[in-house]
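What the coordinates show
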Amino acid sequence: GLYLAGAIAGLTDVDAIALSMAQLARGDPANGDAASRTIVIAVASNTLFKAGMVAFLGAPGLRRIIVVSSSMVYESATVFPTPEGAQLSSPPPVSTYGFQKLASEYFAKGAWEQYQLPYTIVRPFNCVGIGERRAVRDTDVMSGNVKLALSHVVPDLVLKILKGQDPLHILGEGNQVRHYTYGGDLAHGIRLAMESPAAVNDDFNLSTAASTTVLEL
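Residues numbered from 1 in each chain as written. Predicted model: local features only at pLDDT ≥ 70, side-chain atom pairs only at ≥ 80, totals over all residues. Heavy atoms only, no water.

Moving on, we get to the overall build of the protein. A tally of helices and strands in the protein yields 6 helices and 9 strands. Accessible surface for the protein amounts to roughly 13200 Å². Of this, 60% is attributable to carbon and sulfur atoms. (Helix = DSSP H or I, 4+ residues; strand = E, 2+ residues; numbered from the N terminus. Areas by Shrake-Rupley, 256 points an atom, 1.4 Å probe, with all protein chains shown as cover.)

This part takes up the side chain of Ser70. On the secondary structure map, Ser70 appears in the loop between strand S1 (65–68) and helix H4 (96–115). Judged by relative accessible area, Ser70 falls into the buried class, the value being 7%. When residues no more than four places from it in sequence are discounted, the contact partners of Ser70 are Tyr97, Lys101, Val122, Arg123 and Pro124. (Buried < 20%, exposed > 50% of the residue type's maximum accessible area, 1.4 Å probe, protein only. Contact = heavy atoms within 4.5 Å.)

Reading across the sheet, the 3 strands line up as S1-S2-S8 and stay open at both edges, with parallel pairing between neighbours. Both outer strands of the open sheet, S1 and strand S8 (202–206), are each paired with one neighbouring strand and no more. For this sheet, the mean angle separating the axes of adjacent strands, direction not counted, is 15 degrees. H4 contacts S1 and strand S2 (119–124) of the sheet and is inclined by roughly 165 degrees relative to S2. In the packing of helix H6 (residues 183–195) onto the sheet, contacts are made with S1, S2 and S8, and the angle to S2 comes to roughly 170 degrees. (Pairing = 2+ DSSP bridges. Axes fitted to C-alpha atoms, helices over the stretch in contact; angles between N-to-C directions.)

Side-chain pairs of opposite charge can arise where the charged atoms are in close proximity. Under the criterion given, the structure shown has 4 salt bridges. One salt bridge in this structure joins Glu105 and Arg123, with 2.8 Å as the shortest N-O distance. Linking Glu105 in helix H4 with Arg123 in strand S2, this pair joins segments that are 18 residues apart in sequence. Judged by its relative accessible area of 1%, Glu105 falls in the buried class. In this structure, Arg191 engages Glu195 in a salt bridge whose closest nitrogen and oxygen atoms are separated by 2.9 Å. Here Glu195 and Arg191 lie together in helix H6, a separation of 4 residues that amounts to about one turn. Here Arg191 falls in the exposed class, since its relative accessible area comes to 52%. By sharing partners, the salt bridges in this structure join Glu105, Arg123 and Asp203 into a single network. (Salt bridge = Lys/Arg side-chain N within 4 Å of Asp/Glu carboxyl O.)

Grouped together as the largest cluster of nonpolar side chains are 9 residues: Val14, Ile17, Ala18, Met21, Ala25, Ala35, Ile39, Ala42 and Val43. Secondary structure elements with two or more residues in this core: helix H2 (14–27) and helix H3 (32–57). Residues in contact with Ala25, not counting those within four places in the same chain, are Gly32 and Ala35. Counting 6 residues, the second largest nonpolar core, distinct from the first, contains Val73, Ala86, Leu102 and Phe125. (Core = buried A, V, L, I, M, F, W, Y, C linked by side-chain atoms within 4.5 Å.)

Let us now look at the packing of aromatic side chains. Under the criterion given, the structure shown has 1 aromatic pair. Residues Tyr74 and Phe125 carry aromatic rings whose centres are separated by 6.4 Å and whose planes lie at 40 degrees to one another, so their mutual orientation is tilted. Of this pair, Tyr74 sits in the loop between S1 and H4 while Phe125 sits in the loop between S2 and strand S3 (127–128); the two residues are 51 residues apart in sequence, bridging distant segments of the chain. (Phe/Tyr/Trp six-rings, centres within 6.5 Å; stacked < 30°, edge-to-face > 60°.)

Quick look at the confidence of the model for the protein now. Overall, the predicted model of the protein reaches an average pLDDT of 85, with 87% of residues at or above 70. Of all helices and strands in the protein, the one with the weakest mean pLDDT is strand S4 (residues 141–143) (58), whereas S8 scores best (97). (pLDDT = per-residue confidence, 0-100.)

Before going further, it helps to examine the pairing of S1. On a regular strand, each side chain points to the face opposite its neighbour's, so the side chains alternate between the two faces of the sheet. As judged from the 4 bridges shared by S1 and S2, these two strands associate in the parallel manner. Paired with Val68 across the strands is Val122, a residue of S2. Traced from S1 through H4 to S2, the parallel crossover comes out right-handed. (Right-handed = clockwise from strand over helix to strand, strands pointing away.)

The amide bond that connects Phe80 to the next residue, Pro81, takes the cis arrangement and shows omega of -5 degrees. Position of Pro81 relative to the elements: it lies in the loop between S1 and H4. A cis amide bond links Asp166 to the next residue, Pro167, at an omega of 0 degrees. Note on placement: Pro167 falls in the loop between helix H5 (153–162) and strand S6 (177–178).

Here's what the structure looks like:
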């Protein structure tokens, strides 16, 4: 029943089923394997459905698949800085989100190998910018005396400052390293990758070269 639900949900919203499976695995780690398989089934269902639409309707103007992946494919990497290609030799991501993104990359490569449908993979790193709102599926959590429902550290810290939290509460000791990249630059990079013939059948990390710890931030 769970796998069937994944196949059906994958036709419309892979992210939604991935989040649901993450919550399932978080509630009971024994469900981790089943949750991971369900996400893979959902991604495969989504890819096959879209490929079927292309085959049935015809798409003379379709030139390439663009996969907006994530830096989370490197979640288990041991080489830093992490170059393109490290996802092929690194252990697989341990989170369902990272695993889903990596699976999407492999499905795009499979479409090229089987149907000669070109692809380009882009991996945005730690997007920051104005306008981030409360995540739709986030639940309120307490951080010191401030109630939050934000997924990312920059708006999280901004909200704490605006609410007067002093000292600021952070996750852990603040030694986590991130590459905070402006959303406008990421959008520009995605567009260049989409339009450039040199980007066909290749993958790109989109990120600033400057690393920043949470304490430095």
